[in-house]
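# Structure assessment
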Amino acid sequence: MNQTILYKVKNNLYINLTNRCPCDCVFCIRQNAPGVYGSDNLWLEHEPSFDEVVAEFEKFPPDTYDEIVFCGYGEPTERLELMIDVAKYAKKEFNKHIRVNTNGLSNLINGKPTESLFENAVDTVSISLNAPEKDEYNKITRPIWDNAFDELLKFASNVKQYVPEVIFTIVDVLSKDDTEKCRKLAEKCGVKLRIRKLDT
Ligand code: SF4
């Protein structure tokens, strides 16, 4: 069966490594459609191997894209080692900017500190913050761990030692007050804040 491992979003090349995720966000696009943007179906029949991902680069030559993004219908750090191997390969072969869109829970997912693994592999770590406080975060993101919010903040503060850019993302439907609190939280963690439109 054909499955979507790579797909195009605007002029970026997205990589779909897994459908696993320890969260169940109320807004997760996976609940609404089998695919987004140009991809018909991001549900994987099986999780791709390193060789399968690399083979896909022949169909989607990275030279023609601005950026390579690990995202897809699942949390990419569920497959951390593979993600890092593919990122290093893509950096070496294609010299492209590499971004990871993540829920920031890599340390909980992998049961160990993982921030240093991002070094020399990833350029931007973009973390879905979603809310400025734990209770609200848990209501929106519904993670399997109660300490997810604190772990996300720790991960963000630590990973910035190893990558050039770390960003918290929130959507533009948060109240002014919550947006301001998120801005302060980003400042405290020493990372940037990006406010994106709900459907982007
Ligand atoms: S972290 Fe991402 S993939 Fe996981 S449930 Fe939330 S929106 Fe969906």
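Everything below is about the structure printed above this text.
Here the structure is a predicted model, which means the values were calculated and not measured.

### Details of the pairing of strand β4 (residues 97-102)
With five of its six residues buried, β4 lies for the most part within the structure. Where strand β3 (residues 67-70) and β4 come together, four bridges link them in parallel fashion. Paired with V69 across the bridge in β4 is R99. Running through helix α2 (residues 80-94), the crossover from β3 to the neighbouring parallel element β4 is right-handed. Judged from the four bridges that link them, β4 and strand β5 (residues 124-128) form a sheet pairing that is parallel. Along β5, the bridge assignment pairs V100 with V125.

### Brief notes about the pattern of salt bridges
Side-chain pairs of opposite charge can arise whenever the charged atoms involved come near each other. This structure, assessed with the given rule, holds 14 salt bridges. E133 is the salt-bridge partner of K181, the closest N and O atoms lying 3.3 Å from each other. Here E133 lies in the loop between β5 and α4 (134-141) and K181 lies in helix α6 (residues 176-189), a separation of 48 residues in the sequence. Between D177 and K181 there is a salt bridge; the shortest N-O distance is 3.8 Å. Taken as a pair, D177 and K181 lie in helix α6 at a separation of four residues, close to a single helical turn. Note on K181: relative accessible area 34%, which makes it partly exposed. Linked through salt bridges whose partners overlap, the residues forming this network are R20, E47, E78 and R79.

### Quick notes on the environment of K91
As for its placement among the helices and strands, K91 is situated in helix α2. In this structure K91 comes out as partly exposed when scored by relative accessible area, which is 22%.

### Comments concerning the state of the cysteines
Counted under the stated rule, the structure contains zero disulfides. You can see C182 has no disulfide; the closest cysteine sulfur is in C189, sitting 11 Å from it. In this structure C182 comes out as buried when scored by relative accessible area, which is 0%.

Rules of the game
The residue numbering used here restarts from 1 in each chain and proceeds along that chain's sequence as written. At least 70 in pLDDT is required for a residue's local features to be given in this predicted model, at least 80 for side-chain atom pairs to be given and counted, and no such filter applies to totals for whole chains, interfaces and linings, which use all residues. Hydrogen atoms and water are omitted, and side-chain values are computed over all heavy atoms in the structure. A simple rule labels every residue: compare its accessible area, found with a 1.4 Å probe on the protein chains alone, to the largest value its type can have, and call it buried under 20%, exposed over 50%, or partly exposed in between. Strands are runs of DSSP state E lasting at least 2 residues, helices are runs of H or I lasting at least 4, and numbering of each runs from the N terminus. Following DSSP output, two strands are said to pair if at least two bridges run between them. With the strands aimed away from the viewer, a crossover counts as right-handed if its path from the first strand over the helix to the second runs clockwise. The salt bridge definition used is simple: a Lys or Arg side-chain nitrogen within 4 Å of an Asp or Glu carboxyl oxygen. Only a pair of cysteine sulfur atoms within 2.5 Å counts as a disulfide in this structure description.

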